[in-house]
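# Chain and residue survey
Chain residues, written in single-letter form:
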Amino acid sequence: MYILNRFIMLASITLYVCLYLFGSTSGSILTAPPISALIVAFENVYDASLLANTLSDQGIDTTLIISAHAANKLYNNLIDVEILQLNVNTDKAAHKKEAYAVNACDSLLRDQEVLKRMKELQPTFTIFPALRHDGCLLPWVRHIESIPVIWIGSPEEEVYAFQSTGVALPMHSGGIWTRLRARRVEDSLSSAARNNYLPPVLDLVAKYLPDIDTNMKHLYSDVRLVLWGADPVLRSNFASLTQLLVEVGCHHCRGAHPLLKDLQKSLVEHRLGTIVVLLDGNYETLVTELARKLPQGREGQSVVWRINKDNKNTESPENLFIHSDVDRQDLIGYSRTRVVLSHCADTEFLEAAFHGSPLICLPRDAHEVRNSERAVELGFAHTVEARINGQELAKTVLRIHETAAYRENARKVSLALRDRLNPASDRLVYWLGYVARTKNGGSERFLRPSSDARTFVEDSDFFAGIWLGLLFGIVACVVFMVLQRVIDAYQEERSKGRHML
């Protein structure tokens, strides 16, 4: 039996070698081919550059396309990422996202140098958001023979991508009318994007790429993968319907690196720790006043403001340090960081949670308000209004610094992010490799939803319509009957009057 088994094994190996040499078979399907990635970002350039840097760190040749005016918004420590810039006309589209996206699409389709470069690179994947990108980039990606991958960042992108691809269903809390209002808002967002963006963009595609099918029914037919750029710690208000949706929100999260020697030396001199500020330039007065109100000298606290601006002037307090070339995560994860002041955007939220640093949120829009509410719910953050003054903000900083519960809750959230089977970057690389290996294998059929699903909100729309129609019908009937009785009574009275006369 042993000899027979060895003979069968040798015969199998010999047969495989012969078939391989004569071209009748290929290598193992588990052998990942060399892959490269192209990322297109008409909006949210910083987050897109973070994704590009993660892919480059994982050994994937990465190219990033952005508009020229957004070059100053790139992640400041990009490594081995090729940047291609588009000259996008922004004069008439400064305040209209759809109009700006149409101009960006026109610039991309007209740029022959970019198209020539794409033919040289032959990117395996092209990664981009669906919202205000799909009508332009899905046909263009088909033209350059790449695999389209949808990237989801903000909640608005989630709603649009879920409706377009069918990989997940949004879930709404609250009563029926709250859910109905939320559904109406989502539908209005998607319809605005489709009505104001898709028609002009598809006309541009038909003009520049006449051989590409622009039928709306086939627009997403090539999409094989959807990357969700958030995390369940941040929010989880949808139900996934397929493995095509992959969570990679904290792909850029890593351990903190040592700070610059000069900055490290300056911060160590303040024994009560460091306050990290990630606010934008409109908060200069608030940050300066905060630094003045905090304890000064060697027994005080230092304030580090990471922002792209000139060095601090002579009127700034000695404990305020302004830097633009230091990595944000190195400051958030610095061992002496006590509190982080942030607008609580997704990436800042996840980085603070990953490093276990308490937050003070100053939200600017509804999306950041929801993030700040989530951070407060997790117990490691405090929300303040944008109109707060330096004195009140300093009291809030000291209260968080002196309350151990904030630091303990932040530690628990950090553990929840770190203590997982595999990090987000590994999931990202694995699924890209899987899609590349099975490009022509047809396995995507087994990962797509078998049928369109319906939510309670959709069903409640139907029943609400029935009940409203029934109620309106009853009211109309009652009103009609009352009016008829009044008219009959009036006519009867008139007839009696004429008879008496």
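How each quantity is defined
Residues numbered from 1 in each chain as written. Predicted model: local features only at pLDDT ≥ 70, side-chain atom pairs only at ≥ 80, totals over all residues. Heavy atoms only, no water. Pairing = 2+ DSSP bridges. Helix = DSSP H or I, 4+ residues; strand = E, 2+ residues; numbered from the N terminus. Axes fitted to C-alpha atoms, helices over the stretch in contact; angles between N-to-C directions. Contact = heavy atoms within 4.5 Å. Phe/Tyr/Trp six-rings, centres within 6.5 Å; stacked < 30°, edge-to-face > 60°. Buried < 20%, exposed > 50% of the residue type's maximum accessible area, 1.4 Å probe, protein only. Disulfide = S-S within 2.5 Å. Right-handed = clockwise from strand over helix to strand, strands pointing away. Core = buried A, V, L, I, M, F, W, Y, C linked by side-chain atoms within 4.5 Å. Domains from an automatic or database assignment. Polar contact = N/O pair within 3.5 Å; in protein donor to acceptor, adjacent residues only side chain to side chain.

### Regarding the sheet that holds strand β4 (residues 125-129)
- Strand order in the open sheet formed by seven strands is β3-β2-β1-β4-β5-β7-β9, with parallel pairing between adjacent strands. Each edge of the open sheet carries a strand with a single partner, namely β3 (81-86) and β9 (245-247). Taking each pair of neighbouring strands and ignoring which way they run, the sheet shows an average axis angle of 25°.
- Where strand β7 (residues 225-228) lies against β9, three bridges are found, and the strand directions are parallel. Directly across from V226, in β9, lies its bridge partner L245.
- Helix-sheet contacts for helix α6 (residues 155-165) involve β4, β5 (147-152), β7 and β9, and the interaxial angle to β5 is about 140°.

### Some remarks on the packing of aromatic side chains
- Within this structure, the stated rule accounts for seven aromatic pairs.
- Ring geometry for F349 and F380: centres 5.9 Å apart, planes at 75°, overall edge-to-face. On the criterion of sequence distance, the pair formed by F349 in helix α12 (residues 346-355) and F380 in the loop between α13 (366-378) and β15 (381-383) is long-range, its members being 31 residues apart.
- Assessed through its relative accessible area of 0%, F380 is described here as buried.

### Quick word on the state of the cysteines
- Applying the stated criterion to the full structure yields three disulfides.
- Here C344 connects covalently by a disulfide to C361, the sulfurs 1.9 Å from one another. Taking the sign of the S-S torsion, about -50° here, the bridge from C344 to C361 comes out left-handed. Note that C344 is positioned in the loop between β13 (337-342) and α12 and C361 in strand β14 (residues 359-361), a separation of 17 residues in sequence. Across the pair, exposure class does not vary: C344 and C361 are buried alike.

### Details of the environment of R194
- Tracing the chain through its elements places R194 in helix α7 (residues 176-196).
- Residue R194 is classed as partly exposed on the basis of its relative accessible area, which comes to 27%.
- Sequence separation between R194 and G135 is 59 residues, and the spatial gap between their C-alpha atoms is 8.9 Å.

### Observations concerning the pairing of β13
- With five of six residues buried, β13 lies mostly within the body of the structure.
- Once you follow β13 into α12 and on to β14, the crossover reads as right-handed.

### Section: the sheet that holds β15
- Across the sheet, six strands lie side by side as β12-β11-β10-β13-β14-β15; this open sheet has parallel pairing. The open sheet has two edge strands, β12 (320-323) and β15, and neither has a second partner. Recorded for the sheet is a direction-independent mean angle of 20° between the axes of neighbouring strands.
- Packing against the sheet, α13 makes contact with β14 and β15, and its axis sits at approximately 135° to β15.

### A look at the nonpolar core
- In this structure, I65, L108, W140, I150 and L245 are the most contacted members of the largest nonpolar core, which totals 80 residues.
- The dominant element in this core, judged by the number of residues it contributes, is helix α3 (residues 97-110), at seven residues.
- Residues lining this core come from more than one domain, with at least three contributed by each of domain 1 (36-249) and domain 2 (261-418).
- The contact partners of I65, leaving out residues within four places of it in the chain, are L38, I39, V40, A41, L84, L86, L108, V114 and W140.
- In terms of nonpolar packing, the next biggest core, distinct from the first, is built from 30 residues, I35, I39, A41 and W431 among them.

### Points about the side chain of S164
- Position of S164 among the secondary structure elements: in helix α6.
- For S164, the side chain forms a polar contact with the main-chain oxygen of Y160, separated by 2.8 Å.
- Ignoring sequence-local partners within four residues, the contact set of S164 consists of R194 and Y220.

It is worth stressing that arrangement in space is one thing and function is another; only the former is reported here.
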